[in-house]
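Single-letter residue listing:
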Amino acid sequence: MEVIHTFWPKVIDRVDDLRQVVKGHVLPKILPEKALAGLVARSEENKGTALLVNILFSVQLFVVLFIFLILSYTLNHIFLSLAAIEDDAPASYTPVVDKDIEERKEVADETHVPRPEPITSSLRSMYRHLCSIEGKRSLLRGLGCAIAYRLAFIAIAGIFSFIPFMRFGILTLLVTPLLVVQLATAWTHIIISAPSKKPFWRRMPPFLLTFRATALPTVAYYIAGALLEKLPSLIEAQFGETDVRGFLLGLVIYWVLALFVMIPSSAVLTRIEASLLPEEEETIIPLDRALTLHKVEGKEYMSMVDAWKSMSCATWIKLYKLYVKTTAVSILFFVIVGLVALIEFIIVTLVTGH
């Protein structure tokens, strides 16, 4: 919802700008003057049609944003979380699937099948694996807990805004996430574990244990997010809005922070949360064996240092490749939407003259 609130006015402004470009520059080049004169003459007669078209376009835009948010959730949360905790190359693995689906499979398919590569090595294999568990709804696993987490975060941050010494963003940024670590950890557990009939609030680990395990990596993760959001804009502002050097430098800083600060902090936090998964819970992918070593050593959870050191080079490569792929899919989505929108504008302008 924050994305819609932030970018919706900008989207509307760009829509009006694009309409003016189409009318003022594109159509005069592809249509003769008489055809354009006819369009102008019909413009007053088609005000009702233009209004209907604008309404339909607004609805379509909302649908596109909704699809993008769902796509972003699946790619950036589910896929990346699974990639951060999967074993590099399990010798064999029997996936957790829905009972009804399992009954329809051949006996040969129920045996352990060697996997030369991890499930999270490609988007296609992850998609197929998730769909084999609960169908398409597996692509949104943990969404209810994610919504509860966001609402709790916003509510707590709103309460802090009424406290004088908490009005400064840095205090709210550091304190609020620590109060919802149970929900964040339960969210990760739901994503990586087999389907359960328990509601998410019954799958939350004890607060004190979760706080001790995830407090430091949670703060590191949110500081990384704040740097990623604010620092490139501050650098760009120093050069001025029209200076290309500021834009390029801000873009470089953004990607450096994303690749070398944001992704590592997210992966470490996810692994620590996964280490708190109860022993009776079964994961939907082969769990990295390093995430359970702390239990053998008599520890309650994996430390931040252990979470970092236990990530192999193959895991890092796999994670970065996946990040590049998910980013490419998101960009491709917007390119397709932009092309469709341009074609629609041309058609609408030809029909209504607006």
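About the thresholds
- Residues numbered from 1 in each chain as written.
- Predicted model: local features only at pLDDT ≥ 70, side-chain atom pairs only at ≥ 80, totals over all residues.
- Heavy atoms only, no water.
- Salt bridge = Lys/Arg side-chain N within 4 Å of Asp/Glu carboxyl O.
- Core = buried A, V, L, I, M, F, W, Y, C linked by side-chain atoms within 4.5 Å.
- Buried < 20%, exposed > 50% of the residue type's maximum accessible area, 1.4 Å probe, protein only.
- Helix = DSSP H or I, 4+ residues; strand = E, 2+ residues; numbered from the N terminus.
- Contact = heavy atoms within 4.5 Å.
- Axes fitted to C-alpha atoms, helices over the stretch in contact; angles between N-to-C directions.
- Parallel < 35°, antiparallel > 145°, perpendicular 65-115°, else oblique.
- Nonpolar A, V, L, I, M, F, W, Y, C, P; charged D, E, K, R; others polar.
- pLDDT = per-residue confidence, 0-100.
- Phe/Tyr/Trp six-rings, centres within 6.5 Å; stacked < 30°, edge-to-face > 60°.
- Expected span 1.5 Å × (residues − 1).
- Bend = angle between axes of the 7 residues up to and from the residue.

Visitor: Mind showing me how you'd approach the pattern of salt bridges here?
Guide: Two side chains of opposite charge can pair, provided their charged atoms sit close to one another. Taken as a whole and assessed by the stated rule, the structure comprises eight salt bridges. Connected through shared salt-bridge partners, Glu 297, Lys 299 and Asp 306 make up one network.

Visitor: Teacher, can you tell me more about the nonpolar core here?
Guide: The tendency in soluble globular proteins is for nonpolar side chains to be buried side by side. If you look at the biggest cluster of nonpolar residues, it comprises 58 residues, and the most contacted ones within it are Phe 79, Leu 82, Ile 85, Leu 130, Tyr 149 and Leu 319. Mapped by element, the contributors of at least two residues to this core are helix H3 (47-85), helix H5 (123-134), helix H6 (143-160), helix H8 (181-192), helix H9 (207-239), helix H10 (244-275) and helix H13 (313-352). What Leu 82 contacts, discounting residues up to four positions off in sequence, is Thr 120, Leu 130, Ile 191, Ile 192, Ile 284 and Ile 285.

Visitor: Explain the side chain of Arg 141 here, please?
Guide: As for its placement among the helices and strands, Arg 141 is situated in the loop between H5 and H6. Filtering out sequence-adjacent residues up to four positions away, Arg 141 remains in contact with Tyr 73, Ile 78, Leu 130, Ile 133, Glu 134, Ile 190, Ile 191, Ile 192, Ser 193, Pro 195 and Ile 284.

Visitor: Looking at this model, I keep getting lost on the packing of H8 against H10. Mind explaining?
Guide: Interhelical geometry of H8 versus H10 gives an angle of 80° and a closest axis separation of 9 Å. As the angle between them shows, H8 and H10 are arranged roughly perpendicular. Mapping the contact onto sequence places Ala 184, Thr 185, Thr 188, His 189 and Ile 192 in H8 and Thr 270, Glu 273 and Ala 274 in H10. By residue class, the composition of the contact of H8 with H10 is three nonpolar, four polar and one charged.

Visitor: How should I be thinking about the confidence of the model for the chain in this particular structure?
Guide: It should be kept in mind that the predicted coordinates are not to be read in detail where pLDDT is low. Here the chain shows a mean pLDDT of 80. Residues at 70 or above account for 75%. Per-element averaging of pLDDT across the chain places helix H1 (residues 2-30) at the bottom with 46 and H8 at the top with 97. Segment residues 91-95: pLDDT under 50, and 19 contacts once partners within four positions in sequence are set aside and those in other chains are kept.

Visitor: I would appreciate a short explanation of the packing of aromatic side chains in the present structure.
Guide: Pairs of aromatic rings are described using the distance from one ring centre to the other and the angle between the two planes. Under the defined criterion, the tally for this structure stands at 14 aromatic pairs. Geometrically, the ring pair formed by Tyr 149 and Phe 153 is tilted, given 6.2 Å between the ring centres and 55° between the ring planes. Here Tyr 149 and its partner Phe 153 are both found in helix H6, four residues apart, which amounts to about one turn of the helix. Each member of the aromatic cluster is reached from another via a ring pair, and the members are Tyr 73, Tyr 149, Phe 153, Trp 187, Tyr 221 and Tyr 222.

Visitor: Can you help me understand H8 in this one?
Guide: Each α-helix turn comprises 3.6 residues. Residues three or four places apart therefore point the same way. With 12 residues, H8 ought to run about 16 Å at 1.5 Å a step, and its terminal C-alpha atoms sit 17 Å apart, in line with that. Most of H8 sits out of view: 11 of its 12 residues are buried.

Visitor: Which parts of the structure should I look at to understand the side chain of Ser 138?
Guide: In this structure, Ser 138 sits in the loop between H5 and H6. The class of Ser 138 is buried, set by a relative accessible area of 0%. Leave out the neighbours within four places in its chain, and Ser 138 touches Ile 78, Leu 130 and Ile 133.

Visitor: How should H9 be read in this particular structure?
Guide: In a regular helix each residue adds 1.5 Å, so 33 residues correspond to 48 Å; H9 covers 46 Å between its end C-alpha atoms and thus fits that length. A bend of about 55° at Thr 214 is the largest found in H9, and the proline Pro 217 appears one to four places after it. Looking one or two residues beyond H9, the residue adopting positive phi is Gly 240, at roughly 95°.

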